[in-house]
Amino acid sequence: MSILQHIELITEGETEILVFKNKDYKKGPGSKDKLPFYNPSMELNRDLSILLNQWIIDNSKIHVNILDGLAASGIRGVRLANELRGNFDITINDWDEDSHDLIKKNIKKCKLKNAFAIKRNLNSLLSNMRFHYIDIDPFGSPVYFVDSAMRSIYNNGIIACTATDTATLCGVYPNVCKRRYGVKSFHSNVMHETGLRILLGFLCRESVKYDKGIEPLVCYSTDHYFRVYIKVKKGVNHANRSVGNMKYVTSKELFSPKINSANIGPLWLGKIENKNVIRELISYVFKKKFNTKGELLNLLNLLENEANSSPFFYTTDNLASLLKISPPRLNRIIEQLKEKGYDVSKTHFSNTGFKTNSPREVIEEIFKQKK
Ligand SMILES: C[S@@+](CC[C@H](N)C(=O)[O-])C[C@H]1O[C@@H](n2cnc3c(N)ncnc32)[C@H](O)[C@@H]1O
């Protein structure tokens, strides 16, 4: 039976593209299959990469070299080539024969002049080509490609990574996390934020050994993946500044009294969002066509709101259970903390979560008020 009979024409954003649709598709980490992989639930992830790359091109005076390093059907790279405007080209790579054929078919179908299909091991490709943007979207963890991406990326270039090993980063398999990322993970109410900061910490360590530093631009977590966009800056000063953001925290700082450990980390405790970049991305959402527009705006607005907040957050359900009361409405807590003059924002990490600079006693007082 020919694999071509599984092929389907779908539309994402402004692009019609051929993919192999897996009828038994479920959310969660992608798995290796015989057919080139296509995951419809990653559409928002790809949409955001379109926004980010348009921002890179618009802010660059030179021709931009983009790499979709682990391309599968080529959907991300083909969409980038078709939907971006400006001075750029894109290399679309996958070592799998069927993927490579499908990528070439899609480049031809979309009549793309600035997209090139390559069939190589990503690590060897990164060892002899350089890029301004490198996208690493693997099955599971991106750690196996980060060292070569750090060497390949141009100064001030951007590396984007997806990690779908969420269980590992969220503390279900602490020993795997220790081996893979060099940090013990923790299963707690703030595990999505610690997971993201473990991933960023790993990227930081991989950059500083080459006297480079990282600056996170847009980073977020969902139930089934983490995604980070980091700028890589060359120079000892940038490297030292980055290393200065690697710190240990106590369970008290994580607002997670259940974790019984004095020193947790090292985690990236620097900023994880760049408010100005996110604002610009929000303005781009209205200039392009996205099927996920509502979701995209919702996520970017939450990221913008929490961009300047300190690490970690409370959740109404967790605090209420510690105080042995029923969980209050999140909006009431936020309003009352604001009335008292504290900084407070919702967080994309949890829909019952809030970040604030208020002392714990003040929050508990508000929780106990009946209103
Ligand atoms: C999760 S899929 C990529 C999904 C794709 N980016 C998308 O948006 O649909 C991962 C792909 O990486 C490819 N791959 C895995 N290891 C590789 C390597 N070392 N070099 C090149 N390709 C690799 C696999 O063949 C697979 O197609």
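Residues numbered from 1 in each chain as written. Predicted model: local features only at pLDDT ≥ 70, side-chain atom pairs only at ≥ 80, totals over all residues. Heavy atoms only, no water.

1. Describing the sheet that holds strand β4 (residues 88-93)
What counts here: Two strands form a pair only when DSSP identifies at least two bridges running between them. Secondary structure elements follow DSSP: runs of H or I no shorter than four residues count as helices, runs of E no shorter than two count as strands, and numbering proceeds from the N terminus. Every angle, taken between N-to-C directions, lies between 0 and 180 degrees, and every axis is a line fitted to C-alpha atoms, over only the stretch in contact when it is a helix. We call two residues in contact whenever any of their non-hydrogen atoms come within 4.5 Å of each other.
If you trace the seven strands from one edge of the open sheet to the other, you get β5-β4-β3-β6-β7-β9-β8, paired in mixed fashion. Each edge of the sheet is formed by a strand with only one pairing partner; in this case those strands are β5 (115-118) and β8 (212-221). Adjacent strand axes in the sheet meet at a mean angle of 15°, parallel and antiparallel pairs treated alike. Across the sheet, helix α2 (residues 75-83) lies against β3 (64-68), β4, β5, β6 (131-136), β7 (153-163) and β9 (226-234), angled at about 165° from β4, the strand it touches most.

2. Some points on the pattern of salt bridges
As a working rule, side chains carrying opposite charge can pair if their charged atoms are close by. Here is the rule we go by: Throughout this description, the term salt bridge denotes a Lys or Arg side-chain nitrogen within 4 Å of a carboxyl oxygen of Asp or Glu. Each residue is placed in one exposure class: buried if its accessible area under a 1.4 Å probe, protein chains only, is under 20% of its type's maximum, exposed if it is over 50%, and partly exposed if it falls in between.
This structure, assessed with the given rule, holds 18 salt bridges. A salt bridge links Glu 97 to Lys 119; the shortest N-O distance between them is 3.3 Å. A residue pair is termed long-range when its members are at least 10 positions apart, and Glu 97 in helix α3 (residues 97-109) and Lys 119 in the loop between β5 and α4 (122-128) qualify at 22 residues. Its relative accessible area of 38% is what places Lys 119 among the partly exposed residues.

3. Section: the nonpolar core
Filter applied, for reference: Among the buried residues, those of types Ala, Val, Leu, Ile, Met, Phe, Trp, Tyr and Cys that are joined through side-chain atoms within 4.5 Å form a nonpolar core.
Ile 159, Tyr 181 and Leu 203 are the most contacted members of the largest nonpolar core, which totals 52 residues. Per-element tally for this core: the top contributor is helix α8 (residues 191-208), with nine residues. In this structure, Val 19, Ala 81, Leu 281 and Leu 303 belong to the second largest nonpolar core, which totals 49 residues.

4. Some details on the site of the ligand
The test is simple: Note on terminology: near, applied to a residue and a molecule or strand, indicates that one of the residue's heavy atoms is within 4 Å of it. Polar contacts here mean pairs of N or O atoms no more than 3.5 Å apart (in protein, one a potential hydrogen donor and the other a potential acceptor; neighbouring residues in sequence count only if both atoms are side-chain atoms). The Shrake-Rupley method, run with a 1.4 Å probe, gives the accessible areas here. Residue values count only the displayed protein chains as cover.
The environment of the ligand is formed by 17 residues, the closest being Arg 46, Leu 70, Asp 94, Leu 122 and Asp 137. Trp 95 is positioned with one of its backbone polar atoms (N or O) 3.3 Å from a nitrogen atom of the ligand. Summarising the interface, the protein chains cover 91% of the accessible area of the ligand, which totals 610 Å² for the free molecule.

5. Quick look at the sheet that holds strand β14 (residues 350-356)
Sheets are built from strands that pair by backbone hydrogen bonding, the pairs being arranged parallel or antiparallel. Sheet architecture is open: three strands sit in the order β12-β14-β13, paired in antiparallel fashion. Each end of this open sheet is capped by a strand with a single partner; those strands are β12 (314-315) and β13 (344-347). Note that β13 and β14 share four bridges and pair antiparallel. Looking at β14, one finds that Lys 346 is bridged to Phe 354. Its contacts with the sheet put helix α11 (residues 293-306) on β13 and β14, and the angle it makes with β13 is roughly 145°.

6. Quick word on the packing of helix α13 (residues 330-339) against helix α14 (residues 360-368)
So the rule is basically this: Roughly parallel here means an angle under 35 degrees, roughly antiparallel means over 145, roughly perpendicular means 65 to 115, and every remaining angle is called oblique. A crossing counts as left-handed when the near helix is turned anticlockwise from the far one by less than a right angle, and as right-handed when that turn is clockwise.
The interhelical angle for the contact between α13 and α14, taken along N-to-C directions, is 130°, at an axis separation of 10 Å. Taken together, α13 and α14 sit at an angle that is classed as oblique. In this structure, α13 meets α14 at a crossing whose hand is right-handed. For the pair formed by α13 and α14, the contact residues are Arg 332, Ile 333, Gln 336 and Leu 337 on the first element and Val 362, Ile 363, Ile 366 and Phe 367 on the second.

7. Observations concerning the packing of aromatic side chains
Put simply, the rule reads: Pairing of aromatic rings covers Phe, Tyr and Trp, the last counted by its six-membered ring, and requires centre-to-centre distances within 6.5 Å; plane angles under 30 degrees mean stacked, over 60 mean edge-to-face, and any other angle means tilted.
Tallied over the full model, the rule gives six aromatic pairs. With 5.1 Å between their ring centres and 75° between their planes, Phe 37 and Phe 139 make a pair best called edge-to-face. One end of the pair, Phe 37, is in the loop between β2 (15-20) and α1 (43-58); the other, Phe 139, is in the loop between β6 and α5 (143-152), with 102 residues separating them in the sequence. Assessed through its relative accessible area of 36%, Phe 139 is described here as partly exposed. Pairing Tyr 220 with Tyr 225 gives two aromatic rings, centres 5.8 Å apart and planes at 75°, and the pair type is edge-to-face. Among the residues examined, Tyr 220 registers a relative accessible area of 0% and is labelled buried. Among the aromatic residues, ring-to-ring pairing joins Tyr 314, Phe 354 and Phe 367 into one connected group.

8. Topic: the domain arrangement of the protein
The criterion, for reference: Note that the domain bounds were set by an automatic or database domain assignment. Three categories are distinguished: nonpolar for Ala, Val, Leu, Ile, Met, Phe, Trp, Tyr, Cys and Pro, charged for Asp, Glu, Lys and Arg, and polar for the others, with Gly belonging to the last.
Per the domain assignment, the segments making up the protein are domain 1 (3-305) and domain 2 (313-368). Using only C-alpha atoms to locate each centre, domain 1 and domain 2 end up separated by 31 Å. On inspection of domain 1 and its partner domain 2, the count reaches one salt bridge. Residue assignment for the side of domain 1 that touches domain 2 shows that the elements contributing at least two residues are α8, β8 and α11. Among the elements that make up the side of domain 1 that touches domain 2, the one with the highest residue count is α11 (four residues). Residues belonging to the side of domain 1 that touches domain 2 are distributed by class as follows: ten nonpolar, four polar and one charged.

9. Considering unusual backbone geometry
Pro 266 follows Gly 265 through a cis peptide bond whose omega is 5°. Tracing the sequence through the fold places Pro 266 in strand β11 (residues 264-268). Within the chain, Asn 156 stands out as a residue other than glycine whose phi angle is a positive 70°. Its place among the elements puts Asn 156 in strand β7. The partly exposed category is assigned to Asn 156, whose relative accessible area is 41%. Phi is positive for Lys 324, close to 55°, though the residue is something other than glycine. Following the sequence through the fold, Lys 324 ends up in the loop between α12 (316-323) and α13.

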